Each structure stands twice: as C-alpha cells, then as structure tokens.
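Below, each chain spelled out in residue letters.
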Amino acid sequence: VTVRADISGKLDDIVLTLSETQLTVPAGTAFDPLMLVAQAGSSEGNNDLMDRVQVENYVNAEIPGSYSVVYTLTSLDNTQQARAILRVTVTGGTS
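Residues numbered from 1 in each chain as written. Predicted model: local features only at pLDDT ≥ 70, side-chain atom pairs only at ≥ 80, totals over all residues. Heavy atoms only, no water.

### Details of the nonpolar core
- Grouped together as the largest cluster of nonpolar side chains are 20 residues, with contacts concentrated most on Leu16, Tyr71, Leu86 and Val88.
- Of all the elements, strand β6 (residues 81–91) adds the most residues to this core, at 5 residues.
- Once residues within four sequence positions are removed from consideration, Leu16 is found in contact with Val37, Gln39, Ala40, Val53, Tyr71, Thr72, Leu73, Ala82, Arg83 and Ala84. (Core = buried A, V, L, I, M, F, W, Y, C linked by side-chain atoms within 4.5 Å. Buried < 20%, exposed > 50% of the residue type's maximum accessible area, 1.4 Å probe, protein only. Helix = DSSP H or I, 4+ residues; strand = E, 2+ residues; numbered from the N terminus. Contact = heavy atoms within 4.5 Å.)

### Describing the pairing of strand β1 (residues 14–18)
- Side chains Ile14, Leu16 and Leu18 of β1 all project onto a buried face; the interleaved residues Val15 and Thr17 project onto a face where none is buried.
- Of the pairings in the sheet, the one linking β1 to strand β3 (residues 37–42) comprises 5 bridges and is antiparallel in character. Its bridge partner lying in β3, Val15 is registered against Gly41. (Pairing = 2+ DSSP bridges.)

### What about the sheet that holds strand β5 (residues 65–74)?
- Overall, mixed pairing links the 4 strands, which are arranged β2-β6-β5-β4 in an open sheet. Looking at strand neighbours, the two that pair on one side only are β2 (22–26) and β4 (53–57), the edges of this open sheet. Sheet twist, expressed as the mean angle between neighbouring strand axes with direction ignored, is 25°. (Axes fitted to C-alpha atoms, helices over the stretch in contact; angles between N-to-C directions.)

### A few points about the environment of Gly92
- Position of Gly92 relative to the elements: it lies in the segment after β6.
- As a C-alpha pair, Gly92 and Gly65 span 27 residues in sequence and 8.5 Å in three-dimensional space.

### Here's the deal with unusual backbone geometry
- One non-glycine residue, Asn78, adopts positive backbone phi at about 60°.
- Structurally, Asn78 can be placed in the loop between β5 and β6.

Shown next as structure tokens:
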C-alpha cells in the first residue's frame, strides 16, 4: 500500500524569548514573571501563543536569595516545546 500526501503551507518553529535573563529586585518588590516574556509565538514574530506559556515560579520576593523561574511554551499541536530560564536575585530590600 502506498500512501501519498500533498501538504502545503509553512511550519514555523515556536520561539520563547524573555526581555531579561537575569533580574535583581529588592525584597518586598512585586514580581510578575509574565511581564518578562518578550515573545511567545512563531519564529515569524507573531506573539500569538502567550496564553500557552507555563511558568514555574519559585521566587519569594520577601526573602533575599537566588531563584529561578522556568518558562515553557508548547505549540498548539503539542509537537514543539521551547523553554527559557530567568535567574532572579532578591536583595536585602530597602532600609
């Protein structure tokens, strides 16, 4: 049995880009990790997959230390995945 398929169109790789890869914040500062996502979409520059970004956020902005935030983007058809890591340093705060 021979199966022949004619497929047209273009498959774009997904891209997940952060505006920063390292961030330092004083203790007590509000921290929203999604604000650092610069692009979540196709390699064509579309930002159409923002709602598919999953965030593993272990930052406790009240306690000084070093933390990591892991961002994962999965394509609509679940065949591609992109990851990005943000390193966050929470400093001693303001006096």
